[in-house]
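Take a look at the letters that make up each chain.
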Amino acid sequence: MKAFIPSSRILRSLLPAFSLTVLLIAIFYLQPRTMSYMGLNLLLNLALPIAFATLAQMCVITVNDLDLGIGAFVGFVACVGATWLNDTPVLGAGVLILCIAAYAALGALIHLRNLPSIVVTLGMSFFWLGLALLVLPTPGGKAPDWVRAVMTVKTPGLPATIYASVLVAILVHVALMRSAYGVVLRGVGGNPRAVERAGWSLLRAKMTMYSLAGFFGVLSGISLIGLTTSADANIALRYTLLSIAGVILGGGEFVGGRISPVGAVLGAITLTLAGSFLSFLRISPDWQIGAQGAILILVLALRVLINRAGSK
Amino acid sequence: MAKPWIWAFLGAFLVWFSTIVYTGGTGAGAILSAALSFATFSVIVGIGQMYVITLGPGNVDLSIPATMTFAGAVSMKIMDTQDPMILPGLGIALLCGTAVGIFNYALIRLLRIPPIIATLSSSFLVQSCAIAYGRGLKIKPPELLADFTTVKIAGLPLLALCVIALAAIMSVVLHRTVFGRSVLAIGQNPRAAELAGVKVGFIRFATYTQSGILAGLCGYLLAGFSGGASLNMGAEYLLASIAVVVIGGTSVAGGFANLPGLWGAALFMFLLVTMLNTFGLSAGIRLLLTGVIIVAVITLAGGRRNNH
Amino acid sequence: MFESSERLIAVDGVGKSYGAVRALGEVCLEINSGQALGIVGHNGAGKSTLISILAGTQLPSRGQLAFADGEPMPGYGVGQAHANGIRCVFQELSLCPNLSVAENARILHPAIRGFGWKASATRLIAGKLDEIFPGHGINTGEPVGDLTIAKRQMVEIARAFTFVDTPIRLVILDEPTSSLDTVIARQLLAHLRSFIDQGGACILISHLLEEILENCDRIVVMRDGGVVADREATAFTKTSLVAAMGSVAKERGSTRRAPTKRKTGEQPLVSLRPARQSDERTLNVYTGEIVGLAGLSGHGQTEALVDIYLKNPPSPLVSGTQRPMALVPGDRQVDGVFPLWSIGRNITIGSMRHMVRGGLIDQQAEERLAEEWKRRIAIRTPDMHDNILSLSGGNQQKALFARALGSPAGIILMDDPMRGVDISTKQEVYEMIREEAGLGRTFIWYTTEMDELEHCDHVYVFRNGSIVADLSGDELTEQKVLQASFEESGDAERRHTRVDGAP
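The structure presented is a predicted model; accordingly, all values stated were derived computationally and were not measured.

> Give a description of the overall build of chain C that names residues and reports values.
The number of helices and strands found in chain C is 15 helices and 19 strands. When the 503 residues of chain C are sorted by exposure, 44% land in the buried category. For chain C, long-range pairs separated by at least 24 residues make up 71% of all intrachain contacts whose partners lie at least 6 apart in sequence.

> Describe the overall build of chain B, naming the residues involved and giving the relevant values.
What chain B contains, in helices and strands, is 13 helices and 2 strands. At 19 Å, chain B has a C-alpha radius of gyration in line with the 19 Å of a compact globule built from 308 residues. Principal-axis analysis of the C-alpha atoms places the extent of chain B at approximately 55 × 45 × 35 Å. Across the 308 residues of chain B, 58% fall into the buried class. For chain B, the share of sequence-separated contacts (at least 6 apart) that also reach a separation of at least 24 residues comes to 78%.

> Describe the interface of chain B and chain C, listing the residues and the values that go with them.
Frequently, the measure chosen for interface size is the accessible area removed from exposure when the parts meet. Tallying the contact residues gives 19 residues for chain B and 24 residues for chain C. Those elements that provide at least two residues to the side of chain B that touches chain C are α8 (178-188) and α9 (190-195) of chain B. No other element matches the 4 residues that α8 of chain B contributes to the side of chain B that touches chain C. When grouped by side-chain class, the residues that make up the side of chain B that touches chain C number 7 nonpolar, 7 polar and 5 charged.

> Would you mind going over the sheet that holds strand β2 (residues 21-32) of chain C in detail, with residue names and values included?
All names here are of chain C. The 3 strands are arranged β2-β1-β4 in an open sheet whose pairing can be described as antiparallel. Lying at the two open borders of the sheet, with one neighbouring strand each, are β2 and β4 (62-67). Averaged over all pairs of adjacent strands, the angle between their axes in this sheet comes to 10 degrees, without regard to strand direction. Across 8 bridges, the pairing between strand β1 (residues 7-18) and β2 is antiparallel. Looking at the pairing, isoleucine 9 lines up with isoleucine 31 of β2. Where helix α1 (residues 47-55) meets the sheet, it contacts β1 and β2, and its direction lies at approximately 60 degrees from that of β2.

> Report on the domain arrangement of chain C, specifying residues and quantitative values.
Here chain C is described as being made up of domain 1 (7-245), domain 2 (252-324 + 410-503) and domain 3 (338-408). Between the C-alpha centres of domain 1 of chain C and domain 3 of chain C there is a distance of 44 Å.

> Which residues make up the interface of chain B and chain A, and what values do they have?
Residue-level contacts link 40 residues of chain B with 35 residues of chain A. Those elements that provide at least two residues to the side of chain B that touches chain A are α4 (86-111), α5 (115-134), α11 (235-247) and α13 (283-301) of chain B. A per-element tally of the side of chain B that touches chain A places α13 of chain B first, with 13 residues. Residue composition of the side of chain B that touches chain A, grouped by class: 26 nonpolar, 11 polar and 3 charged.

> Outline the packing of helix α4 (residues 70-82) of chain A against helix α6 (residues 89-112) of chain A, listing residues and values.
Residues and elements named next belong to chain A. At their nearest, the axes of α4 and α6 sit 9 Å apart, and the two run at 165 degrees to each other. Classed by the angle they form, the pair α4 and α6 counts as roughly antiparallel. In this structure, α4 meets α6 at a crossing whose hand is right-handed. Together, Val77, Val80 and Gly81 of α4 and Gly92, Val95, Leu96 and Cys99 of α6 make up the contact between the two elements. A per-class count over the contact of α4 with α6 returns 5 nonpolar, 2 polar and no charged.

> Can you tell me about the packing of α11 of chain B against α13 of chain B, naming the residues and giving the values?
All names here are of chain B. Where α11 contacts α13, the two axes come as close as 9 Å, and the packing angle between them is 40 degrees. Classified by the interaxial angle, the pair formed by α11 and α13 is oblique. Here the hand of the crossing between α11 and α13 comes out left-handed. Together, Ala243, Val246 and Ile247 of α11 and Thr290, Ile293, Ile294, Val297 and Ile298 of α13 make up the contact between the two elements. A per-class count over the contact of α11 with α13 returns 7 nonpolar, 1 polar and no charged.

> Can you explain the sheet that holds strand β12 (residues 290-294) of chain C? Please cite residues and give values.
Residues and elements named next belong to chain C. Strand order across the open sheet formed by 6 strands is β13-β16-β17-β12-β18-β19, with mixed pairing between neighbours. Edge positions in the open sheet fall to β13 (325-328) and β19 (466-472), since each of these has one partner strand only. Neighbour-to-neighbour, the strand axes of this sheet turn through a mean angle of 20 degrees, independent of strand direction. As paired strands, β13 and strand β16 (residues 411-415) are joined by 4 bridges and run parallel to one another. Bridge assignment links alanine 326 to a residue of β16, and that residue is isoleucine 412.

> If you had to explain the confidence of the model for chain C to someone new, which residues and values would you point to?
Residue and element names in this part refer to chain C. Of the residues in chain C, 87% have a pLDDT of 70 or more, and the chain-wide mean is 82. Looking at the elements of chain C, mean pLDDT is at its lowest for strand β10 (residues 270-272), recorded as 76, and at its highest for helix α11 (residues 343-348), recorded as 93. Low pLDDT (under 50) marks residues 314-323, which in the prediction has 14 contacts with non-local residues, meaning those over four places away or in another chain. Within the model, pLDDT remains below 50 along residues 489-503, and this stretch shows 12 contacts once partners closer than five positions in the same chain are excluded. Reported confidence for the predicted complex is 0.87 by ipTM and 0.84 by pTM.

> Please set out the environment of aspartate 197 of chain C residue by residue, giving values where relevant.
Residue and element names in this part refer to chain C. Among the secondary structure elements, aspartate 197 is positioned in helix α6 (residues 182-197). A tally of 12 C-beta atoms within 10 Å means that aspartate 197 is categorised as exposed. For the pair aspartate 197 and aspartate 307, spaced 110 residues apart in sequence, the C-alpha separation works out to 46 Å.

> Can you lay out helix α12 (residues 363-376) of chain C for me, pointing to particular residues and giving the numbers?
Residues and elements named next belong to chain C. For α12, which comprises 14 residues, the first-to-last C-alpha distance of 20 Å matches the rise-based estimate of 20 Å (1.5 Å per residue) to within 8%. Listed as buried for α12 are Glu366, Leu369, Ala370, Trp373 and Lys374. Angularly, the buried residues of α12 cover 130 degrees about the axis, an arc narrow enough to put them on a single face. Those residues of α12 that are exposed and aimed more than 90 degrees away from the buried face are Gln364, Glu371 and Arg375. Summarising the contacts, the buried residues of α12 are in contact with α11, β15 (360-361) and α13 (393-405).

> How would you summarise the environment of leucine 93 of chain C if you had to cite specific residues and measurements?
All names here are of chain C. When you line up the elements, leucine 93 lands in the loop between β5 (86-89) and α3 (101-108). Looking at leucine 93, the number of C-beta atoms within 10 Å reads 17, which means it is partly exposed. For the pair leucine 93 and valine 285, spaced 192 residues apart in the sequence, the C-alpha separation amounts to 35 Å. The contacts of leucine 93, once residues within four sequence positions are left out, are Arg152 and Glu156.

> Lay out helix α9 (residues 301-311) of chain C with the relevant residues and their values.
What sets the pattern is the α-helix's 3.6 residues per turn: residues three or four places apart point alike. For α9 of chain C, every residue scored as buried is listed here: Gln301, Thr302, Ala304, Leu305 and Tyr309 of chain C. Down the axis, α9 of chain C shows its buried residues gathered within 165 degrees of arc, on one side only.

> Describe in detail the pairing of strand β9 (residues 226-232) of chain C, supporting the description with residues and values.
Residues and elements named next belong to chain C. In terms of strand pairing, strand β8 (residues 218-223) meets β9 through 6 bridges, oriented antiparallel. Considered in β9, the bridge of methionine 222 is made with valine 227. Where β8 folds back on β9, the antiparallel hairpin that results is connected by 2 residues, among which aspartate 224 adopts a positive phi of roughly 55 degrees.

> Tell me what's going on with unusual backbone geometry, and back it up with residues and numbers.
One non-glycine residue with positive phi stands out, namely aspartate 80 of chain B, at about 50 degrees. Assignment of secondary structure puts aspartate 80 of chain B in the loop between α3 (64-79) and α4. According to the C-beta neighbour criterion, aspartate 80 of chain B is exposed, with 12 such atoms within 10 Å. With a phi close to 50 degrees, glutamate 175 of chain C is a non-glycine residue in the positive phi region. Mapped onto the elements of the fold, glutamate 175 of chain C is located in the loop between β6 (170-174) and α6. Residue classification places glutamate 175 of chain C among the partly exposed positions, given that 19 C-beta atoms sit within 10 Å.

> Residue-level account of the pairing of strand β18 (residues 458-463) of chain C, with values.
Taken residue by residue, a regular strand's side chains alternate between the two faces of the sheet. All names here are of chain C. The element β18 is extensively covered by neighbouring structure, given that 6 of its 6 residues are classed as buried. Because side chains alternate across β18, one face comprises the buried residues His458, Tyr460 and Phe462, and the other comprises Val459, Val461 and Arg463, equally buried. Relative to β18, β12 is paired through 4 bridges, and the arrangement is parallel. Within β18, the position partnered with alanine 294 by the bridge is valine 461.

Parameters at a glance
Think of each chain on its own: its residues are numbered from 1, step by step along the sequence as written. Key to labels: chains lettered from A, ligands numbered from 1, both in the order written. At least 70 in pLDDT is required for a residue's local features to be given in this predicted model, at least 80 for side-chain atom pairs to be given and counted, and no such filter applies to totals for whole chains, interfaces and linings, which use all residues. Strands here mean DSSP runs of E at least two residues long; helices mean DSSP runs of H or I at least four residues long; both are numbered from the N terminus. Three classes are used. A residue is buried when 20 or more other C-beta atoms lie within 10 Å of its own, exposed when 12 or fewer do, and partly exposed in between, with C-beta atoms placed from the backbone. Once C-beta atoms are placed from the backbone, any two residues with those atoms within 7 Å are in contact. Radius of gyration here uses only the C-alpha atoms, and the compact-globule reference equals 2.2 Å multiplied by the residue count raised to the power 0.38. Each residue is assigned to one class: nonpolar for Ala, Val, Leu, Ile, Met, Phe, Trp, Tyr, Cys and Pro, charged for Asp, Glu, Lys and Arg, and polar for all the others, Gly among them. Here, strands pair whenever DSSP counts at least two bridges between them. Note on geometry: axes are C-alpha line fits, over the in-contact stretch for helices, and angles between N-to-C directions span 0 to 180 degrees. All the domain ranges listed were derived from an automatic or database domain assignment. The labels follow the angle: roughly parallel below 35 degrees, roughly antiparallel above 145, roughly perpendicular from 65 to 115, and oblique for the rest. Helix crossings get a hand from a simple test, with the near helix turned counterclockwise from the far one by less than a right angle marking a left-handed crossing and a clockwise turn marking a right-handed one. Confidence per residue, as judged by the predictor, is encoded in pLDDT with a range of 0 to 100. Expected helix span is taken as 1.5 Å per residue step, with the number of steps being one fewer than the number of residues. To be clear, the arc concerns the directions from the helix axis to the C-beta atoms.

In structure tokens form, the structure reads like this:
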């Protein structure tokens, strides 16, 4: 038995924490003033909404699908939050619950009709964007006060974002990686036929994961308007690509049910930081979006190399 | 569905008719002409996307908007409003598209990642290249090019006629060449295709490169049409390229492509926008309806076949 | 051997047919507790079908299963099987590679839940692994995908023996030791013995005859979908088992093919040394021969064929170069048929490169090819433009033959293409093959049917991914093929056949 085999797996799981640490060190080096409460707060400001969106994407990826509409969905939630949730909280809350149910229905549809999730969710992105424009045709609205209060609470020691991210990562980790039913949910991604043969309902599993995705999408939208105070239909469109990148950076794989909630949160934070990092490097904003693509490619290339080294 | 492309044209006709009824007959010809003009661009990228989607589930090219922007920006700058530079400009645009297509396939092959992610990441990079190169300055296209893209012959845009011809040619390529047959075979059953002598790797490479080339062409022409390249000129063409493929009747499970349907779907979508605008409905309704239609079409058509 | 055995399951006239193909005839069998039942048989004997019916993954077309309490179970499925204490370990693994060993154990037992489920699951599977395979060295927290195949097999087996509330009464194992080394295999068999001694029942399918003879109390020999022998293990020897598996000696000679004369110094057209071959044997095929590949299915024959086919791809930048080979697949759905295309298109895809005129495929040439082969191979259809799925299975297979034979390929590889094809179609195709071989075409034919080997010049027998015998002429008998398919490496006799056929 070669000692390399476990080491390759460990390397893969350490990659997200490693890249985050490297990035953080690089940022502190370039801009020592960020090593303060204020600095960290500014850097990680938008981390939480992105982390929630990444977790939503992770839920869908767990069952071997992909959600290309999460960005539009988060935008829609943000618009609802800044209008109905503020003006008529009951209606707003009802709509958001309905959205989660819609996600569950989507999962059922994709499973029962054997549809490619890419195209369906891409179509849904039109749908969510259109709904968002109907709710809020021009940027505006006002986030409910309680949301604002929650999102801007000042915690001792480290900014609230960090505590919140850690908490969320732990909760999802326990729910998905340590619970008995979480095993079944992940098993569906690994070998759906075997899980079905053991008597579990694939439909129920898919609907569960899609509902969770909807739930995290709602959290993402609400937390977003808590930070930006107003909303806009297009506000979170880039979250689609960011969330996929976050899951991958966090050690997840597109098929096979291999995901990591902690990794996903770390990946989301890394990507949030990457933007600031690039501006500290005086890289012109022109290249920022390209750099995100480059990071994704780099991480994937690293993974291929690690896998190849591990299998020798 | 024996002739699926009919539905798209039927839908287009119904929408156009409703619009005319609403306006009391005015502007019928103008609407149609405008529809043809704008639908042209969707069709160009739709052809590339259609071939890619036909390769089988999981194959999608998400780098089309970035490629369009990049090719448009680079070619406009090279041409620098000079008429004699039109053809070199075209060459450059096609070259840009080829480079992106090759890069996409390299990522898919070497990194073993799903085409969605490969084309997604490359779109980031290419978009950045476009932004950096174009640097926001909107360079006007050469006058001859601008005229070519906007001139009309007997009320019909010349560009549209050319693209109708292109679509016809690509349809023949699909059904009557070894390349086209190979794409259709791979989409139905890649393993059987390989065992029947189809060079699967090469065909996939060619398909992704072709999509890049067509996106490059589209960017070049769109820049000529719109008076220059802008940084988000490709934005709506991602969803548009997929929508015209799906609504046009191409199977998302692969192996079955429908070229006339591309035109029907493109016209349908543009006329739908026009109708909704005429009715005074907002952009939101348009997007919402588009989404519902896409999902409905796929749901009705069903997904992966159960032969694996 | 066993103290008291009571009848656990009575297999009462169970049969299974897939359309016109009869996979299992009327099988009557008794499975008793405290007894290890061995099932042996060559390809197509029906073993896999029988155990999948017992395990509940398939329903019988005829007959029924009667359980200990005498009540036949309606709607018997996997859930029912589990509830009745029946476990099956198939050859393809049913573990989730992304989950750990303990988590995979949980998947099988919905009753393990709530707080502390992980400790229970770990205890369950680790305990069972220790019980069956002491010293296994498997970390129950490790993802199954990171384990070696042998360890995965061990986990699969141990998991099958775990139970939470209903005790296990019958364990069915299909080739369980195929990926295990001797030490671990012995541990498994020892555990099986103690399981039997405590009153459990076990069904063991294996191609290792020694293993069956040493470990089973009763042996059932199957052939062509039926049981041909059902006796106590002591009543069999290896030779008698092999003899029982073979068919009654039939008239030979009329269909026997005269071996083609090879020219002196001729180079083989195709030469392949299988990847797992440990000695120097290679597969050599000369022009104009029909070479057979035999042995139990899944022992490397298909891999060898695909290897040969893909080994010389034409350069991608040089179009118009056709491989000199064509392949007729056996698994139509997975490897052969393009379900959206017409019959004609399914045929012409093999030759499309050669019908190009002016850049386009010549439609008239296509039509001609399709019509020609409709006639020659007698495809029963009113119109070659109909969708291929409108054809019966046998005719679909004919279309796949036409694809290969209609191409300019000089070498035709056949991957057990007659599986599940009706007898009249088979006869027609044999004629065709003989005709084509007469015209100078070379065939490499993997078949699981003994009769078809009659048509071959010589036959390579595969076992465990390598060639174990090269038979031709008078040596090409069913007994010798069976022997080679089942022999263990310890006492395999080397047979050397000289190229010109002299002994």
